[in-house]
Amino acid sequence: MIAEPKNIIEATDLSFGYGDFMLMKNISFAVKEHDIFVIMGGSGCGKSTLLHILTGLKKAASGRIKIDGKNLWTSDQTLRKDIMTDCGILYQSGALFSSMTLAENIAMPLQQYTDYSSSLIKELVSLKLALVGLAGFENFYPSEISGGMKKRAGLARALALDPKIVYCDEPSAGLDPISSHLLDDLFIELNQSLGTTFVIVSHELPSIFAVANNSVYLDAETKSIKGSGNPKELLKNPPNEKVKEFLTRGENIHA
Amino acid sequence: MLSCQVLTGEVKVILEGNLCSYDNEAEKAQIYATIAEQKKSKISFDAKKLTDWDSTTVGFLYKLSKGRKEIDVTSLPKDLAHLLQLALKVDRKPPEAKDEKQDFFEKVGENSINGYKSFCQGVSFIKDSMKSMLRLLSGRAIMRKVDFLFALEGCSYQAVGIISLISFMVGLILAFVGAIQMQTFGVEIYVSSLVAIAMTRIMGAIMAGIVMSGRTGASYAATIGTMQVNEEVDALRTMGIPITDFLVLPRISALMITMPFLTMLSDLMGMIGGAVVGTVMLGFSIDEYWQYTEKALKMSNFLLGILHGFVYGYIIALCGCYYGVHCGRNADSVGVATTKAVVASIVWMIVITGILTVIIEEAGA
């Protein structure tokens, strides 16, 4: 019997707001290990904010987040650092350090968190760049490469420490359909070969259907989760009109 | 553990045990050397005794296999083989690196051309800013009142504290240094004249200029530079709005209006600083000190100082805006633009002071 994959992320009763304005109320979900999990929803529903909460950049007003069984907001700073080194983050723009070459960008977390020799770090940097299709671009600066390549390089940096989880904020935003498709393929290949869990924030339907095997739909109106599961299944059997409208781009409603 | 066997037309790399975080330089170097010698041989692997692996193992195998035509990954664990193949699948090749070696004449030529281009760019920017000022006078400039008021706020009362402090200290230092020399001749009272003339004629304006260059000029370059990075400047250009009207004019106008007043403040604070030395250190009464200060004060010196302040205001705003508008597209460029704006405005202030001094001397003022 194949063992059921364990929950690598568990978010329980998360609430967040700015002053009196609540952005999300009592949100709970779990991400299984080795999943490609998509957080989807319309603009302003709090997708990116939820990602910021999951990555520890923002603290939820209430609720709890467990990463691999450990509480993210633990008072022990060393434990928190350990939790965060298990997570890689791909920001929307790539967020590469402009004064560093791609190799230096990727080497930085390795130099910071491992005691590998410089030759081993160099080997790992070459590998990570090759894995994202940027072999030979070690000495290029972020300003010398395209937007799609910046995202790939950002992904290589996110993968530098072989994290268990990689968070991606709108990875397809601003990319042409072919680059977006290649990036989706890359997520699937890396997920299959490295076993990395991907948590992707997106509202690009083609990408969502291509990569996700699990998802949650955030609703801006009720500030809560209105649907969860495999997006293809949700499209076949939408739990409510909101999810149906989103997954069909509102075509059924307007028809 | 890593080792390799050379067979006929084939090099077999043997992977054994736990290779997680594997960093045995000597073993790796030996295998790299063997592989490099056997340029045309096929590379195959024996991973029967491999118990565990991670990215460092893939990194090693990738380095071995890069650029080789024949690689047999069949005996590698499935995931390891998949990762290696993914890494070896090159999507795109980097462009060929240019031959960047230049001889002496090429360097001189390129620098001269770049220098000429920068000069033309600068002159064109000054011309555009002048045109914008003329448009402002004729009421046709596209300048938002709120932008002007915001710029005015930033370089008026908000700068009073720092200018007062610096000028007070400069007046104090001038008086102190002057007093040491004058004491030898017994004419310490003329310290008041020295401070009054120096501050009103040039020092007040220079001190206000230097402070405003570091404070406001740098802020202009950083603000407009960030707008350039965020493509806001491009948006203005494509909307057909002259950037000199929209971005430069409010800042130049604000600084040209406030700098004469800040110069007056600087003059006053410098003289107060001198008076502190005159009364506390040299023992003169306030009345006596003021009497000599009043005698030394000349309207022509005072007006010259104000004129300098007015010109410095234009230079500081122009340099800040110029380097902001011509900033690059990344975070570093904003820092470079800010530094260049401060350095250029101070250099140009000194150069223009020299030119004005010669003109004024020739005119006999």
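In this text the structure is predicted, and so the values were computed from the model without any measurement.

1. Quick notes on the overall build of chain A
Counting its secondary structure elements, chain A contains ten helices and ten strands. A compact globule built from 255 residues should have a C-alpha radius of gyration of about 18 Å, and chain A, at 18 Å, falls within 12% of that. Based on the C-alpha atoms only, the size of chain A along its principal axes is roughly 55 × 50 × 45 Å. In chain A, buried positions account for 44% of the 255 residues. Pairs at least 24 apart in sequence give 65% of the contacts found in chain A among residues at least 6 apart.

2. Focus: the overall build of chain B
Within chain B, the secondary structure is distributed over twelve helices and six strands. Computed over C-alpha atoms, the radius of gyration of chain B comes to 34 Å, more than 25% over the 21 Å expected from 2.2 N^0.38 for 365 residues, which places it beyond the range of a compact globule. Overall size of chain B, expressed as C-alpha extent along the three principal axes, is 105 × 55 × 45 Å. Across the 365 residues of chain B, 36% fall into the buried class. In chain B, once contacts between residues fewer than 6 apart in sequence are set aside, the share between residues at least 24 apart is 83%.

3. What to know about the nonpolar core
Grouped together as the largest cluster of nonpolar side chains are 101 residues, with contacts concentrated most on L129(A), V199(A) and L84(B). At eight residues, the largest contribution of residues to this core is made by helix α4 (residues 118–131) of chain A. Once residues lying within four places of it in the same chain are set aside, the contact partners of L84(B) are V58(B), L61(B), Y62(B), S65(B), V73(B) and L76(B). Core analysis: the second largest hydrophobic core is formed by 65 residues, A151(B), A175(B), M207(B) and M259(B) among them.

4. A few points about the sheet that holds strand β10 (residues 224–228) of chain A
Residue and element names in this part refer to chain A. Spatially, the six strands line up as an open sheet ordered β6-β7-β8-β3-β9-β10, and their pairing is mixed. Of all the strands in the sheet, the pair left with one neighbour each is β6 (87–90) and β10. Sheet twist, expressed as the average angle between the axes of neighbouring strands with direction ignored, equals 20°. Looking at chain direction, strand β3 (residues 36–41) and strand β9 (residues 214–219) are connected through five bridges and run parallel. Note on β9: the bridge partner recorded for I39 is V216.

5. Observations concerning unusual backbone geometry
For N26(A), which is not glycine, the phi dihedral falls at a positive 45°. Within the element layout of this structure, N26(A) appears in strand β2 (residues 21–32). Phi is positive for E231(B), close to 65°, though the residue is something other than glycine. With respect to the element layout, E231(B) can be found in the loop between α7 (191–229) and α8 (232–238).

6. A short note on the interface of chain A and chain B
Counting residues at the interface gives 22 residues for chain A and 24 residues for chain B. If you list the elements that add at least two residues to the side of chain A that touches chain B, you get α4 and α6 (177–194) of chain A. Among the elements that take part in the side of chain A that touches chain B, α4(A) stands out by supplying eight residues, more than any other. The residue makeup of the side of chain A that touches chain B, split by class, is ten nonpolar, nine polar and three charged.

7. Here's the deal with the packing of helix α6 (residues 157–183) of chain B against α7(B)
Residue and element names in this part refer to chain B. Closest axis-to-axis distance for the α6/α7 pair is 9 Å, and the angle between their directions is 145°. As α6 runs across α7, the sense of the crossing is right-handed. Among the residues forming the contact of α6 with α7, the class breakdown is 19 nonpolar, five polar and one charged.

8. Regarding the environment of L110(A)
Residues and elements named next belong to chain A. Along the polypeptide, L110 turns up in helix α3 (residues 102–113). Taking the C-beta count within 10 Å as the criterion, L110 has 21 such neighbours and is therefore assigned buried. Measuring from C-alpha to C-alpha, the distance between L110 and V125 comes to 9.0 Å, with 15 residues separating the pair along the chain. In this structure, L110 is in contact with Y116, I121, L124, A160 and L161, ignoring residues within four places of it in sequence.

9. Describing the domain arrangement of chain B
Its domain assignment divides chain B into domain 1 (2–88) and domain 2 (123–363). Its C-alpha centre places domain 1 of chain B at a distance of 67 Å from the equivalent point of domain 2 of chain B.

10. Quick word on the confidence of the model for chain A
Here chain A shows a mean pLDDT of 86. Residues at 70 or above account for 97%. Mean pLDDT values for the elements of chain A range from 60 in helix α10 (residues 251–254) of chain A up to 92 in strand β8 (residues 197–202) of chain A.

Rules used in this analysis
- Chains are numbered independently. Their residues run from 1 in the order of the written sequence.
- Naming scheme: in the order in which they are written, chains are lettered from A and ligands are numbered from 1.
- In keeping with the model being predicted, local features are shown solely for residues with a pLDDT of at least 70 and side-chain atom pairs are shown and tallied solely at 80 or more, while totals for entire chains, interfaces and linings include all residues.
- Helix and strand definitions follow DSSP, with helices as H or I runs of at least four residues and strands as E runs of at least two, each counted in order from the N terminus.
- For a compact globule the rule gives 2.2 Å times the number of residues to the power 0.38, and the radius of gyration it is set against comes from C-alpha atoms.
- Three exposure classes are used. Buried residues have 20 or more other C-beta atoms within 10 Å of their own C-beta, exposed residues have 12 or fewer, and partly exposed residues fall in between, all C-beta atoms being placed from the backbone.
- Two residues form a contact once the distance between their C-beta atoms, set from the backbone, is within 7 Å.
- By convention the nonpolar core is taken to be a set of buried residues drawn from Ala, Val, Leu, Ile, Met, Phe, Trp, Tyr and Cys and joined through C-beta atoms within 7 Å.
- Pairing between strands requires that DSSP locate at least two bridges from one strand to the other.
- Fitted lines through C-alpha atoms give the axes, limited to the stretch in contact for helices. The angle between two N-to-C directions lies from 0 to 180 degrees.
- Asp, Glu, Lys and Arg are counted as charged, while Ala, Val, Leu, Ile, Met, Phe, Trp, Tyr, Cys and Pro are counted as nonpolar; the rest, among them Gly, fall into the polar class.
- Here a crossing is called left-handed whenever its near helix is offset anticlockwise from the far helix by less than a right angle, and right-handed whenever the offset is clockwise.
- Here the bounds of each domain stem from an automatic or database domain assignment.
- Confidence of the prediction at every residue is given by pLDDT, a number between 0 and 100.

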